Amino acid sequence: MLRLLHLLLLLLLLLLPPPGTAEPPGLAALSPGAHPQAPDLLYADGLRAYAAGAWAAAVALLREALRSRAELGRARRDCGGRCAAEPGAALPAAPRDPPGPDARAWEPLLLRAALRRAECLSHCAERRLGPGGAARLRVGGAVRAAFRRREPYNYLQRAYYQLKKLDLAAAAAHTFFIANPKHLQMREDMAKYRRMSGIRLQSFRDLETPPHWAAYDSGLELLGRQEAGLALPRLEEALQESLAQMESCRAGCEGPEEQQTEEEEEEGTGNQGGLYEAIAGHWIRVLQCRQRCVGDTATRPGRSFPVPDFLPSQLRRLHEAHAQVGNLSQAMENVLSVLLFYPEDEAAKEALNQYQAQLGEPRSALGPREDIRQYVLRSLGEKRQLYYAMEHLGTSFKDPDPWTPTAFIPETLREKLREDQEQRPWDQEPPQPKPLNDWKDVLLLEGVTLTQDARQLNGSERAVLDGLLTPAECGVLLQLAKDAAEAGARSGYRGRRSPHTPHEHFDGLTVLKAAQLARAGAVGTQGAKLLLEVSERVRTLTQAYFSPERPLHLSFTHLVCRSAIEGEQEQRMDLSHPVHADNCILDPDTGECWREPPAYTYRDYSGLLYLNDDFQGGDLFFTEPNALTVRAQVRPRCGRLVAFSSGGENPHGVWAVTRGRRCALALWHTWASEHREQEWTEAKELLQEPEEKEDEEEEKEMPSRDPSPEPPSHRLQRVQDKSEKPPRVREEL
């Protein structure tokens, strides 16, 4: 068995490029002429090898999985085009509506053509893909999703790194990062690769982006430089590649039926009974998939939404560029193509009249581009069938195009579709837990305004409020933080480096430490007292906004400053504070957040009160539970409070502070009275003692008052009664 394993590893090593080669991973043909193997099995074997630390085997298997998947897509596209043109496999024209006497003859013609098309596709797939054809290479939904996210490249970059192939590692990392720009770990990895002197700049290239995006971006850049003549070939290439990419996507829609299972379940197009219901259901799924190809082609890697009106916008740029260089015939051809999408487009009609006037004579032979005319006719034909199925069979269809004529939509569906289009995305969000008036009625702080609520922050139980501090109060607290740092007070953090990143200094100050420093004369008493007052101000407002029916208690208060270390910020890609939740352990892989130790499980609400904005970076951001997708971002400023519930519904982090010093007051609140912040009570007592001693001295001078001082135990009891906070052990951050 061991000998067999050694032979397998030797074979896989032979598949790797020789040391020092710049051959990119992924799409290179590792075994030219060989039939592809099942991509999902190769991928699974590659992950097993990766987990076992067999880096060479992992690279070979993952690259072969990528190659096989690409070959499977090409085979489907090529076989589909070839068999559509095969004699006898062309589908017959649809019968007239209403059907005439030839309607019965149409059905056997259709079924015969379908059988011949299936035979052609089967033989073609076997020639290209080997015995069993496409059926042997079916890929499950989870693996398809992994390839869409380019996850094989994430594993490849690590494996190449372990093999000391740094250029290949950088290429794989860059390819993954392009499609996952908010992947925090890869941001850090990319920063490390860019700092490595042995990696060439050209190694940072995307190995997967479809060619139409490269041509499109190049064309736009040349247009921006007023070089229309040079831009035209790139813009034309972008259009042709866009159409080719759409054809490749459409070919994938005709694969095995289980290839569309995820969308089918959502859109209600599953098998509903007999032969004709099954045929109709499968055909509707194919049409829905084809229509989705419009959005897929128009969506950049790493983006969530497509470029609006992608094809019409390319045609607009083409006709304008042709006009700039004097190609009026081609300009007319492209503007006429725009009018196929939008017949009433005033700008297009005005440009058409201008081109006709410049040409000086009618050109009856000029018309829209044939490829675009065929595209529009085919798309409208598919939409007509989908709307028919939507009206009569109860299926669903999300039209990806804003240019679809209203006449193609049945009257019974128009009102519903109009309402769906006008519906805002946040209409589906749960309502705010408390309306605005509730917290305004109990708000005692003047000048505080609600800047953003949970809907505007794309989440739940989040709010941004401004005006909690005046600029003068921010200045006092900033001076307190500065004086405490100079006095060497770093609560909980004894070193100068941040516990979260080596590129920043981190200074923390608790309310008790501030009070002790004030008693010792190291910091101003005014700042220490203001720290206590402001923390109570935030607690009052947080309770009023989120929990008016249930009292909140301060659990921990921490004045934190993060300072960028000069000379260590170039090409920095890490975070000032990684994504986390405040009362549970976040598992980004599953989206779960485990409310168990060592997390501070008793925390219920969190608050961040900012003191300044004269720094670069340092914005707070909220993510989805995967800790990757950023849902909202907040820029700090003096007196701005970001308050939110502390659970897994609000994962958050802090972007890197790349210049200057960022200071904020971090506060956590709890419903559990046993977890109230004891240090807050102690700090209040310390800061009140000097005042009471002054009062006692005054009392001694007044004969009518009892000269005996109040016992310390009574004084402590009075403070505790006033604050309603029993003693408890110190809480560490």
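For the structure itself, consult the block above.
Bear in mind that the values here come from a model prediction, so they are computed numbers and not experimental data.

(A) Local environment of the overall build of the protein chain. When helices and strands are counted, the protein chain shows 24 helices and 15 strands. Across the 733 residues of the protein chain, 45% fall into the buried class. Of the roughly 37,300 Å² that the protein chain leaves accessible, carbon and sulfur atoms contribute 53%.

(B) Structural view of the state of the cysteines. As enumerated under the stated definition, the model contains seven disulfides in all. The residue that forms a disulfide with C79 is C124, at a sulfur-sulfur distance of 2.0 Å. Of note, the bridge from C79 to C124 carries an S-S torsion of about -80 degrees and is left-handed in sense. With C79 in helix α3 (residues 55-84) and C124 in helix α4 (residues 103-129), the pair connects residues that are 45 residues apart, well separated along the chain.

(C) Region of interest: the sheet that holds strand β10 (residues 620-623). Spatial ordering of the open sheet is given by β5-β13-β10-β11, a layout of four strands whose pairing is antiparallel. If you trace the sheet from one side to the other, it starts and ends with β5 (575-580) and β11 (630-634), each paired once. The sheet shows a mean angle of 25 degrees between the axes of neighbouring strands, taken without regard to direction. Direction of pairing for β5 relative to strand β13 (residues 652-655): antiparallel, over a ladder of three bridges. Within β13, the residue paired with L575 across the bridge is W655.

(D) Highlighting unusual backbone geometry. The phi dihedral of Q226 falls on the positive side, at around 60 degrees, and the residue is not glycine. With respect to the element layout, Q226 can be found in the loop between α10 (211-224) and α11 (228-252). Classification of Q226 by relative accessible area gives exposed; the value is 65%. At E461, a position not held by glycine, the phi torsion is positive, near 50 degrees. The residue E461 is located in the loop between β1 (449-452) and β2 (462-466) in this model.

(E) Main features of the packing of helix α15 (residues 328-341) against helix α16 (residues 346-359). The geometry of α15 relative to α16 is characterised by a closest axis approach of 9 Å and an angle of 155 degrees between their N-to-C directions. By the criterion of interaxial angle, the relationship of α15 to α16 is roughly antiparallel. The handedness of the crossing between α15 and α16 comes out as left-handed. Across from L328, A331, M332, V335, L336, V338 and L339 in α15, the residues of α16 making contact are A348, K349, A351, L352, Y355, Q356, Q358 and L359. Taken together, the residues of the contact of α15 with α16 sort by class into twelve nonpolar, two polar and one charged.

(F) Fine view of the packing of aromatic side chains. Within this structure, the stated rule accounts for 17 aromatic pairs. Relative to F546, the ring of Y545 lies with its centre 4.8 Å away and its plane at 80 degrees, an arrangement referred to as edge-to-face. Within the aromatic cluster, the residues linked to one another by ring pairs are Y545, F546, Y605 and W671. Lying over the aromatic face of F615, R635 brings its terminal NZ or CZ to 4.6 Å of the ring centre.

(G) Expanded view of the environment of A228. Relative to the helices and strands, A228 resides in helix α11. When the C-alpha positions of A228 and L318 are compared, they lie 9.3 Å apart, and in sequence the two are 90 residues distant. When residues no more than four places from it in sequence are discounted, the contact partners of A228 are L223, A321, Q324 and V325.

(H) Structural context of the pattern of salt bridges. Throughout the structure, instances matching the rule amount to 31 salt bridges. Among the salt bridges present, the one from E151 reaches R149, with a minimum N-O distance of 2.6 Å. Its relative accessible area of 22% is what places E151 among the partly exposed residues. Using a relative accessible area of 39% as the deciding quantity, one classes R149 as partly exposed. As a salt-bridge pair, E247 and R378 come within 2.6 Å of each other at their nearest N and O atoms. A residue pair is termed long-range when its members are at least 10 positions apart, and E247 in helix α11 and R378 in helix α17 (residues 370-392) qualify at 131 residues. A residue is classified by how much of its surface remains accessible, and E247, at 34% relative accessible area, is partly exposed. The partly exposed category is assigned to R378, whose relative accessible area is 31%. Taken together, the salt bridges that share partners define one network made up of E71, R74, R77, D78 and R128.

(I) Structural view of the pairing of strand β3 (residues 504-510). Counting buried positions along β3 gives six out of seven residues, so the element sits mostly inside the fold. One ladder, built from seven bridges, connects β3 with strand β4 (residues 553-564); its direction is antiparallel. Bridge pairing links D507 to C561 in β4.

(J) How the structure looks around the sheet that holds β1. If you trace the seven strands from one edge of the open sheet to the other, you get β1-β2-β12-β8-β15-β4-β3, paired in antiparallel fashion. With partners counted over all chains shown, the strands left at the sheet margins are β1 and β3, one partner each. The sheet shows a mean angle of 25 degrees between the axes of neighbouring strands, direction not considered. Against the sheet, helix α22 (residues 525-546) engages β1, β2, β3, β4, β8 (605-610), β12 (641-645) and β15 (661-670), with an angle of about 55 degrees to β15.

(K) Quick look at the side chain of Q314. Here Q314 is to be found in helix α14 (residues 310-324). The contacts of Q314, once residues within four sequence positions are left out, are Y216, L235, A238, L239 and S242.

(L) Quick peek at the pairing of β2. For β2, a buried count of five out of five residues is recorded, marking the element as mostly surrounded by other parts of the structure. Burial along β2 is two-sided: the face carrying R462, V464 and D466 and the face carrying A463 and L465 are both buried. In the sheet, β1 pairs with β2 via three bridges, with the strands oriented antiparallel. Paired with L450 across the strands is L465, a residue of β2. As judged from the four bridges shared by β2 and β12, these two strands associate in the antiparallel manner. If you follow V464 over to β12, its bridge partner there is V642.

(M) Layout of the nonpolar core. If you look at the biggest cluster of nonpolar residues, it comprises 42 residues, and the most contacted ones within it are L468, L477, L531, V534, L559, L609 and L641. Tallying contributions element by element places α22 first for this core, with nine residues. If near-sequence neighbours (up to four positions away) are discounted, L559 is found in contact with L477, L480, A481, D507, G508, L509, L531, L611, A664 and L665. Counting residues in each nonpolar core, the second largest holds 38 residues, with A231, L311, L339 and L352 among its members.

(N) Fine view of the packing of helix α2 (residues 39-51) against helix α6 (residues 141-148). Interaxial distance between α2 and α6 falls to 10 Å at its minimum, and their mutual angle equals 70 degrees. Comparing the axis directions of α2 and α6 gives the class roughly perpendicular. Across the interface between the two elements, P39, D40 and Y43 from α2 touch V143, A146 and F147 from α6. Partitioning the contact of α2 with α6 into residue classes produces five nonpolar, no polar and one charged.

What counts and what doesn't
- Residues numbered from 1 in each chain as written.
- Predicted model: local features only at pLDDT ≥ 70, side-chain atom pairs only at ≥ 80, totals over all residues.
- Heavy atoms only, no water.
- Helix = DSSP H or I, 4+ residues; strand = E, 2+ residues; numbered from the N terminus.
- Buried < 20%, exposed > 50% of the residue type's maximum accessible area, 1.4 Å probe, protein only.
- Areas by Shrake-Rupley, 256 points an atom, 1.4 Å probe, with all protein chains shown as cover.
- Disulfide = S-S within 2.5 Å.
- Pairing = 2+ DSSP bridges.
- Axes fitted to C-alpha atoms, helices over the stretch in contact; angles between N-to-C directions.
- Parallel < 35°, antiparallel > 145°, perpendicular 65-115°, else oblique.
- Left-handed = near helix turned anticlockwise from the far one by under 90°.
- Contact = heavy atoms within 4.5 Å.
- Nonpolar A, V, L, I, M, F, W, Y, C, P; charged D, E, K, R; others polar.
- Phe/Tyr/Trp six-rings, centres within 6.5 Å; stacked < 30°, edge-to-face > 60°.
- Lys NZ or Arg CZ within 6 Å of the ring centre and 35° of its normal.
- Salt bridge = Lys/Arg side-chain N within 4 Å of Asp/Glu carboxyl O.
- Core = buried A, V, L, I, M, F, W, Y, C linked by side-chain atoms within 4.5 Å.

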